[in-house]
Amino acid sequence: MAFIGIHIPLIGILFFVLYYNTDISPTSVLVFSLIMTLLATLITLLILNQLIKPIAVASKSLNDYRNDRRLSVLPTEYTDEAGLLMCNIQESIYESESFINEKQDLIYMLSHDLKNFAGNPQGLAKLIIDENPSESIRDLADLICESTDLQFRYIDNFIKLLNEQDQVAKINQEAKIVNFTGIIPFINEQVEQRLIDKNIKLDLSLDLTEAKLRIDEGLLVQVLVNLISNAIKFSYFDSEIKVRMFVEDEKVIITVTDKGIGFDKDQIDELFKKFTKMSRLGTAKETSTGIGLYLCKKIIERNKGELSASSEGKNKGAEFKIVFEI
């Protein structure tokens, strides 16, 4: 293309000089050279546009799939390098979509089975309650029901998160009003028994009533319950956990602070890894799956927020902070 673009003006000038019968002035040569240069530039751009067009079409198709999960049909009948590129991109997109659908079908099936497994102990607990047992047995049965209800909510929110991933609008999700006053009772309900078991006080400070955010209230409740439960797990008996929700510099900020076992600064990145090696027993020997904080971070980031952690060191407590732009 560079060769053609350069030589079109030279060839034009050569013919102009050889076959023009009258005397040629320098101005005429200059004007003709400029005209031929512009013509050569136009032809070069047109040809380059045609050469680049398949790459632009392939790039748009990839962007549509990455951003909106929209499948495009690329022309695959060409046999040159550009045609092979589009054919490979087309096949890769459809293979990726097929893999995602199969993975999600498997996750939905496992989630359904998990609900069944969680429902079995709940059904037995309700049968025990129906038999009018002693107060201590009833309390244990109620605790089993509460625990399985929490599992159901977790599974439902997990499925909801997967469904959101399938929606075209997941990147440009519209902001909705989150009623912070309304979600507090749901949070208290789900962590109350854990607080009682370790005689931990929950100090909840609410400096805003509502805010327009890009996260569903149910998912936000799930994240906060997970963060508070995590704080309870690693807090000592008879201690205190502080939760603050406020607005600062046009940002909604939520902090969960405890006075528990804490962690070293070089362990922060490890906290949010899936199946982290940092999984530890709680202060009452509670076990951990190693994926709770990982899922919390994914949920917050997917909904246009940030989740971070900080600690001054071992046995100096920890703070988890959620930040949303208003």
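Residues numbered from 1 in each chain as written. Predicted model: local features only at pLDDT ≥ 70, side-chain atom pairs only at ≥ 80, totals over all residues. Heavy atoms only, no water.

1. Examining the overall build of the protein chain
Threshold: By the criteria applied, helices consist of DSSP H or I runs no shorter than four residues and strands consist of E runs no shorter than two, each listed in order from the N terminus. By definition, residues are in contact when any of their heavy atoms lie within 4.5 Å. Under the convention used here, a 1.4 Å probe and the Shrake-Rupley method define accessible areas, while residue burial counts only the protein chains that appear.
Assigned secondary structure in the protein chain consists of eight helices and seven strands. Counting contacts in the protein chain only where the partners sit at least 6 residues apart, residues at least 24 apart contribute 69% of the total. Counting every atom, the protein chain has about 20000 Å² of accessible surface; 58% of that belongs to carbon and sulfur.

2. Quick look at helix H5 (residues 180-197)
For clarity, the threshold we go by: To estimate the expected span of a helix, count its residues, drop one, and scale the result by 1.5 Å. The seven residues ending at a residue and the seven starting there each receive a fitted axis; the angle between those axes is the bend at that residue. Buried, partly exposed and exposed residues are distinguished by accessible area as a fraction of the type maximum, computed with a 1.4 Å probe on protein chains only: under 20%, between the cut-offs, and over 50%, respectively.
For H5, with 18 residues, the first-to-last C-alpha span of 26 Å sits near the 26 Å given by 1.5 Å per residue. Roughly 45 degrees is the biggest bend found in H5, and it falls at valine 191. For H5, the full list of buried residues reads Phe180, Ile183, Ile184, Ile187, Gln190, Val191 and Leu195.

3. Some remarks on the confidence of the model for the protein chain
The test is simple: A residue's pLDDT is simply how confident the predictor is in it, with values from 0 to 100.
For the protein chain, the average pLDDT comes to 80, and 81% of its residues sit at 70 or higher. In this model, residues 167-172 is a region of pLDDT below 50 whose contacts with residues beyond four sequence positions or in other chains number eight contacts.

4. Quick word on the nonpolar core
Formally: The definition of a nonpolar core used throughout is a set of buried Ala, Val, Leu, Ile, Met, Phe, Trp, Tyr and Cys residues joined through side-chain atoms within 4.5 Å.
Within the largest apolar cluster, 43 residues are counted, with the highest numbers of intra-cluster contacts made by Phe180, Leu220, Leu227, Met245, Phe320 and Ile322. Mapped by element, the contributors of at least two residues to this core are H5, strand E3 (210-213), helix H6 (217-233), strand E4 (240-248), strand E5 (251-258), helix H8 (292-302), strand E6 (305-310) and strand E7 (318-325). When residues of this core are assigned to their parent elements, the largest contribution, ten residues, is made by H6. Discounting residues that sit within four places of it in the chain, phenylalanine 320 has contacts with Leu227, Asn230, Ile254, Thr255, Val256, Leu271, Phe272, Leu293, Leu307, Ser308 and Ala309. By size, the runner-up hydrophobic cluster in this structure holds seven residues, among which are Tyr65, Leu74, Ile89 and Ile100.

5. Looking at the sheet that holds E6
What holds strands together in a sheet is hydrogen bonding between their backbones, with the strands either parallel or antiparallel. Note the following rule: At least two DSSP bridges between two strands are needed for those strands to be called paired. To define axes, lines are fitted to C-alpha atoms, for helices over the stretch in contact only, and angles between the resulting N-to-C directions are given on a 0 to 180 degree scale.
Strand order in this open sheet of five strands is E2-E4-E5-E7-E6, and the pairing throughout is mixed. The sheet is open, and its two edges are formed by strand E2 (201-206) and E6, each paired on a single side. Ignoring which end each strand starts from, the neighbouring axes of this sheet average 10 degrees apart. Examined bridge by bridge, E5 and E7 share eight bridges and lie antiparallel to one another. By the bridge assignment, valine 252 is partnered in E7 with phenylalanine 324. On top of the sheet, H8 reaches E6 and E7; it is set at about 145 degrees to E6, its chief contact.

6. Quick word on the environment of aspartate 156
The residue aspartate 156 is located in helix H4 (residues 135-166) in this model. The spatial distance from the C-alpha of aspartate 156 to the C-alpha of leucine 219 is 9.8 Å, given a sequence separation of 63 residues.

7. Looking at the packing of H5 against H6
Defined as follows: Helix crossings fall into two classes, left-handed where the near helix is turned counterclockwise from the far one by less than a right angle and right-handed where it is turned clockwise. For this classification, Asp, Glu, Lys and Arg are treated as charged, while Ala, Val, Leu, Ile, Met, Phe, Trp, Tyr, Cys and Pro are nonpolar and the rest, including Gly, are polar.
For the pair H5 and H6, interaxial distance at closest approach is 10 Å and the crossing angle is 35 degrees. Here H5 runs over H6; the crossing is right-handed. Along its contact with H5, which presents Phe180, Ile183, Phe186, Ile187, Gln190, Val191, Arg194 and Leu195, the element H6 presents Glu217, Leu220, Val221, Leu224, Val225, Ile228, Ser229 and Ile232. The class makeup of the residues in the contact of H5 with H6 is twelve nonpolar, two polar and two charged.

8. Brief notes about the environment of leucine 213
Counting through the fold element by element, leucine 213 comes out in strand E3. Leucine 213 sits in the buried class, given a relative accessible area of 1%. A C-alpha to C-alpha distance of 6.3 Å links leucine 213 and isoleucine 177, two positions 36 residues apart in sequence. Excluding residues that lie within four positions of it along the chain, leucine 213 makes contacts with Glu174, Ala175, Lys176, Val178, Phe180, Val252, Phe324 and Glu325.

9. Topic: H6
One turn of the α-helix equals 3.6 residues, which is why residues spaced by three or four share an orientation. For H6, with 17 residues, the first-to-last C-alpha span of 24 Å sits near the 24 Å given by 1.5 Å per residue. The buried count for H6 comes to 14 of 17 residues, which makes it a mostly enclosed element.

10. Topic: the packing of H6 against H8
Two elements in contact, H6 and H8, have axes separated by 10 Å at closest approach and are oriented at 145 degrees. At the point where H6 passes H8, the crossing takes the left-handed sense. Facing H6, whose interface residues are Leu219, Val223, Asn226, Leu227 and Asn230, H8 presents Leu293, Cys296, Ile299 and Ile300. Among the residues making up the contact of H6 with H8, the classes are represented as seven nonpolar, two polar and no charged.

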